[in-house]
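Survey of secondary and tertiary structure
For reference, the chains in residue letters:
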Amino acid sequence: MKLEKISLIIMSVLLLTGIANAIDFAEPVRIEAAGKPVDTGNVGHAAPFVCDFDGDGVKDLLVGEFSGGVLWIYKNEGTNSKPKLGEGVKFKDGKPDGTVPCG
Ligand SMILES: [Ca+2]
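Conventions and cut-offs
Residues numbered from 1 in each chain as written. Predicted model: local features only at pLDDT ≥ 70, side-chain atom pairs only at ≥ 80, totals over all residues. Heavy atoms only, no water. Donors = N, O, S within 2.8 Å, 3.2 Å for Na, K, Ca; no water. Tetrahedral: all angles 85-135°; square planar, octahedral: opposite > 155°, others 65-115°. Buried < 20%, exposed > 50% of the residue type's maximum accessible area, 1.4 Å probe, protein only. Patch = residues over 30% accessible without salt bridge, like charges linked within 9 Å, V, L, I, M, F, W, Y side chains within 5 Å. Areas by Shrake-Rupley, 256 points an atom, 1.4 Å probe, with all protein chains shown as cover. Salt bridge = Lys/Arg side-chain N within 4 Å of Asp/Glu carboxyl O. Helix = DSSP H or I, 4+ residues; strand = E, 2+ residues; numbered from the N terminus. Phe/Tyr/Trp six-rings, centres within 6.5 Å; stacked < 30°, edge-to-face > 60°.

**Quick look at the coordination of the calcium ion**
At the metal site, the calcium ion is ligated by Asp52 (OD), Asp54 (OD), Asp56 (OD), Val58 (O), Asp60 (OD) and Asp60 (OD), and these contacts range over 2.2 to 3.0 Å. The coordination sphere of the calcium ion comprises 6 donor atoms, whose angles at the metal cover 47 to 177°; the geometry is irregular. Each donor residue of the calcium ion belongs to the same chain, with the gaps between them written as D-x1-D-x1-D-x1-V-x1-D. Overall, the relative accessible area of 36% leaves Asp54 in the partly exposed class. Owing to a relative accessible area of 38%, Asp56 belongs among the partly exposed residues under this scheme.

Now the structure itself:
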């Protein structure tokens, strides 16, 4: 590996480390749905995403799951400023045409 590439890698790591240290994150909070903590179970590697899944103008919580490639949908029964998530349901009931199997 050339010296220029090594230098670029080292500078990138230092830059990213500096950026990460400069960001103040809020304290983590446990998200609840239907009165209990969101827990997709299995092995973890959950990928949360917030969007208006059903087009009603209120943002919902989607959580992709590594295990089985299932997508959980937590419909927001509240508002965008005061969300209240309902019970999680699997996209297309978790059937094969509603999943993205991984590995
Ligand atoms: Ca919605």
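**Observations regarding a nonpolar patch on the surface**
There is a patch of nonpolar side chains on the surface, built from Leu3, Ile6 and Ile10 and spanning about 280 Å² of accessible area. Mapped onto the secondary structure, Ile10 falls in helix α1 (residues 3-22).

**Some words on the packing of aromatic side chains**
Counting across every chain of the model gives 2 aromatic pairs. Centroid distance Phe53 to Phe91: 6.1 Å. Interplanar angle 90°. Geometry classified as edge-to-face. Of this pair, Phe53 sits in the loop between β3 (47-51) and β4 (60-64) while Phe91 sits in the segment after β6 (89-90); the two residues are 38 residues apart in sequence, bridging distant segments of the chain. Given the relative accessible area of 37%, Phe53 is considered partly exposed. Taking the centre distance of 6.4 Å and the plane angle of 25° together, the rings of Trp72 and Tyr74 count as stacked. We note that Trp72, like Tyr74, is buried.

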